[in-house]
Amino acid sequence: MIKGMDLSSLEEVEQCGGKFYDHGVQRDVMDILKSYGTDYVRLRLWNDPYAPDGRAYGAGCNDFDVTLRLAKRALAHGFGFLLDFQYSDFWADPQKQTLPKAWRGLDADGLARAVYDFTRQTLEKLKSQGAAPTMVAVGNELSNGLLWPYGKVPAYEQIAKFVSAGIRGVNAVDNHIPVMVHLDNGGDHALYRNWFDQYFANGGEDFAYIGMSYYPFWHGNLAGLEENMHDIALRYRKDLILAEVSMGFTMEDYKEYEQLSDSERKGYATKPHLVEHLDYPMTKSGQSGFLQAVMELLKRVPENRGKGFFYWEPAWLPRHGSEWATEAGREYIKEPGKGGNEWANQALFDYDGNALPALAAIRDFS
C-alpha cells in the first residue's frame with residue numbers, strides 16, 4: 001500500500017520558520033515521515049504562479065524550480081514521486097480551472113498542443129536533472145473539467161482531448177510512468193460513473209490509476225466512499241488511489257501562530273457546522289482512528305485495487321507568510337476573500353511542529 005504525503009507547501013513553510021520534531025528532537029520532516037512509513041511524495045506543479053508584475057500567488061509558489069528542488073529532496077530520501085500537473089498558474093479544483101496566462105487566446109486544438117508540449121517538456125527537464133517522477137497525474141480534481149471554458153463539463157469531447165494530450169505527453173517521455181486521472185468527492189458515485197463513462201465514450205486515452213479526493217467534512221461518510229470504490233474498481237478495471245485525504249486533530253484556533261488580524265485571515269476549512277456529524281471526532285485520537293479506517297477500507301477494495309493514499313499537506317504549519325493565496329493569487333483565480341492558512345488543524349504535526357499520533361497509526365498498518 002502506498003503511504004504518501006503531499007508536501008507541496010513544505011519549502012515555503014520552512015522559509016517562514018517552520019520546524020519539525022519527533023519526540024522533542026528536531027529533524028528534517030522527510031526523515032520523520034520516512035521513519036513513520038511514508039514511501040511516496042506528491043507535488044503539485046503550476047505553470048507560472050506569479051502575477052505579471054512579479055507578485056507571488058502563494059501556497060508554495062509551486063513552479064518548476066520549486067518542484068524540482070522538492071522532488072530531488074524526496075527522491076534522495078528514497079520516496080516515490082507523484083507529479084500533479086494542474087495546468088493552471090494557481091489552484092485548480094472543481095470550483096476553478098483557470099487558463100494559464102500564457103495559453104490565453106488559444107483555441108481548443110491549440111490548448112491540446114500546449115498541454116502535450118508542457119507535459120512532455122516538463123518531464124524531459126525533470127529527467128535531465130535526475131528528478132523524473134515515478135507517477136504522474138494529468139490534471140487535478142477534474143470533476144468539472146479543466147482549461148475552462150473549453151474543457152468545462154459537459155464538454156466531455158474537449159475534456160477527453162485535453163487529458164489525452166497530457167497522457168500522450170507522458171508516454172512520449174517514458175511510457176512506463178503510470179498515469180492517474182483524478183476527480184474530487186470520492187463518495188459521489190454518480191459523478192464517477194458519469195465522468196468516466198463520458199471520458200471513455202469520447203475516446204479518452206487509457207491510464208493506470210483513478211485518483212480520488214476524500215475529505216470527510218465535505219464528501220460524506222466513509223460508507224459512501226467505500227461503496228463508490230467497490231463499484232468503480234470493477235466497472236473500469238482500474239486501480240484506485242486516494243490522491244488527497246485528510247482529517248483534523250483539533251478545532252482549536254491557530255491565530256497566534258499566523259500573526260494576522262481577523263480581517264486578514266480566512267481561518268480553517270473545517271467550519272464547525274461541517275464537522276458535527278463526522279464518523280470520527282476532530283481530535284488526535286479521532287485523526288488516528290480515521291486513518292486506520294481509511295487504510296482498512298482500501299484493503300477491502302475488490303481485486304486488491306485499493307493501492308494507497310496521499311495525505312494532503314501534513315506539514316503545512318501555520319506560520320506568518322505561508323498563505324493559501326496572496327492578494328495576487330486571489331486576483332488570478334477571481335476569488336475575493338482573506339489569506340492565511342486554512343489547513344493547519346488537519347496536518348500530521350501540531351501547531352508547534354510536533355509529530356502527532358496518527359503517524360504511528362500509518363507506520364503500524366500493514
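The sections below set out a description of the structure shown in this document. (Residues numbered from 1 in each chain as written. Predicted model: local features only at pLDDT ≥ 70, side-chain atom pairs only at ≥ 80, totals over all residues. Heavy atoms only, no water.)

Some remarks on the overall build of the protein chain
Along the backbone of the protein chain there are 12 helices and 10 strands. Relative to the compact-globule value of 21 Å for 366 residues, the protein chain shows a C-alpha radius of gyration of 19 Å, a close match. When burial is assessed residue by residue, the protein chain has 60% of its 366 residues classed as buried. When contacts within the protein chain are restricted to residue pairs at least 6 apart in sequence, long-range pairs at least 24 apart make up 78% of them. Each charge sign in the protein chain was given a centre, from 38 positive and 51 negative side chains, and these centres are 3 Å apart. (Helix = DSSP H or I, 4+ residues; strand = E, 2+ residues; numbered from the N terminus. Rg over C-alpha atoms; globule rule 2.2 N^0.38 Å. Buried < 20%, exposed > 50% of the residue type's maximum accessible area, 1.4 Å probe, protein only. Contact = heavy atoms within 4.5 Å. Lys, Arg positive; Asp, Glu negative; His and termini not counted. Charge placed at Lys NZ, Arg CZ, Asp CG, Glu CD.)

Looking at the side chain of D239
Counting through the fold element by element, D239 comes out in strand β9 (residues 239-245). Apart from residues no more than four positions distant in its own chain, D239 is found in contact with A208, Y209, I210, R305 and K307.

Looking at the pattern of salt bridges
Tallied over the entire structure, the rule returns 31 salt bridges. Two residues, E11 and R69, come together in a salt bridge whose shortest N-O distance is 2.7 Å. Here R69 lies in helix α3 (residues 64-76) and E11 lies in helix α1 (residues 10-15), a separation of 58 residues in the sequence. Given the relative accessible area of 15%, E11 is considered buried. A salt bridge links E244 to R42; its shortest N-O distance comes to 3.2 Å. (Salt bridge = Lys/Arg side-chain N within 4 Å of Asp/Glu carboxyl O.)

Notes on the packing of helix α6 (residues 189-201) against helix α8 (residues 222-236)
The angle between the axes and the distance between the axes are what describe a pair of packed helices. Remark: α6 packs on α8, axes separated minimally by 9 Å, with the N-to-C direction vectors making an angle of 20 degrees. Overall, the two elements α6 and α8 adopt an arrangement that is roughly parallel. The element α6 and its partner α8 pack so that their crossing is right-handed. Between α6 and α8, the residues in contact are H189, Y192, R193, F196, D197 and F200 and E227, N228, D231, I232, R235 and Y236, respectively. Residues of the contact of α6 with α8, tallied by class, amount to five nonpolar, two polar and five charged. (Axes fitted to C-alpha atoms, helices over the stretch in contact; angles between N-to-C directions. Parallel < 35°, antiparallel > 145°, perpendicular 65-115°, else oblique. Left-handed = near helix turned anticlockwise from the far one by under 90°. Nonpolar A, V, L, I, M, F, W, Y, C, P; charged D, E, K, R; others polar.)

Describing the packing of aromatic side chains
Enumeration according to the criterion identifies 37 aromatic pairs in this entry. Between F200 and F207, the aromatic rings sit 5.8 Å apart at their centres with planes inclined by 10 degrees, giving stacked as the arrangement. Under the relative-accessibility criterion, F200 is labelled partly exposed at 30%. Judged by its relative accessible area of 7%, F207 falls in the buried class. Here a set of aromatic residues connected by ring pairs shows up, and it is made of W46, Y57, F90, W91, Y215, F217, W218, W312, W316, Y332 and W343. Lying over the aromatic face of Y254, R265 brings its terminal NZ or CZ to 5.5 Å of the ring centre. It is K266 that lies over the ring of W324; its NZ or CZ is 4.1 Å from the centre. (Phe/Tyr/Trp six-rings, centres within 6.5 Å; stacked < 30°, edge-to-face > 60°. Lys NZ or Arg CZ within 6 Å of the ring centre and 35° of its normal.)

A look at the layout of surface pockets
By volume, the largest pocket is sized at about 510 Å³. Contributing to the lining of the largest pocket are 25 residues, with D93, Q95, K96, E141 and W218 lying nearest its centre. Mapped by element, the contributors of at least two residues to the lining of the largest pocket are β4 (40-45) and α7 (216-219). The class makeup of the residues in the lining of the largest pocket is nine nonpolar, four polar and 12 charged. (1 Å grid on protein atoms, 1.4 Å probe; cavity = no way out; pocket = protein on both sides within 12 Å on 5 of 7 lines; lining within 4 Å. Points joined across faces, edges and corners; volume = space filled by probe spheres on them.)

Here we look at the side chain of H182
Within the element layout of this structure, H182 appears in strand β7 (residues 179-183). For H182, a relative accessible area of 0% puts it in the buried group. Among the polar contacts listed, one links the side chain of H182 to the side chain of S213, at a separation of 2.8 Å. Those residues in contact with H182, other than ones at most four positions away along the chain, are R42, G139, N140, E141, L142, G211, M212, S213, A243 and E244. (Polar contact = N/O pair within 3.5 Å; in protein donor to acceptor, adjacent residues only side chain to side chain.)

A short note on the pairing of β9
With respect to burial, β9 is a largely interior element, seven of its seven residues being buried. One ladder, built from four bridges, connects β9 with strand β10 (residues 306-312); its direction is parallel. The partner of L240 across the bridge, within β10, is G306. (Pairing = 2+ DSSP bridges.)

Considering the sheet that holds strand β6 (residues 135-138)
Taken in spatial order, the eight strands close into a barrel running β1-β4-β5-β6-β7-β8-β9-β10, and their pairing is parallel. With direction set aside, neighbouring strand axes in the sheet form an average angle of 25 degrees. The sheet strands contacting α3 are β4 and β5 (80-85), and the helix crosses β4 at an angle near 175 degrees. Packing against the sheet, helix α10 (residues 284-300) makes contact with β1 (2-6), β8 (209-214), β9 and β10, and its axis sits at approximately 155 degrees to β10.

Some words on helix α4 (residues 108-128)
In a regular helix each residue adds 1.5 Å, so 21 residues correspond to 30 Å; α4 covers 30 Å between its end C-alpha atoms and thus fits that length. Listed as buried for α4 are A108, G110, L111, A112, A114, V115, F118, T119, T122, L123 and L126. Of the surrounding secondary structure, the elements contacted by the buried residues of α4 are β4, α3, β5, β6 and α5 (156-173). Among the residues of α4, the N-terminal cap falls to D107, whose side-chain oxygen and the backbone nitrogen of D109 are separated by 3.3 Å. Two residues or fewer after α4 comes G130, characterised by a positive phi angle close to 70 degrees. (Expected span 1.5 Å × (residues − 1).)

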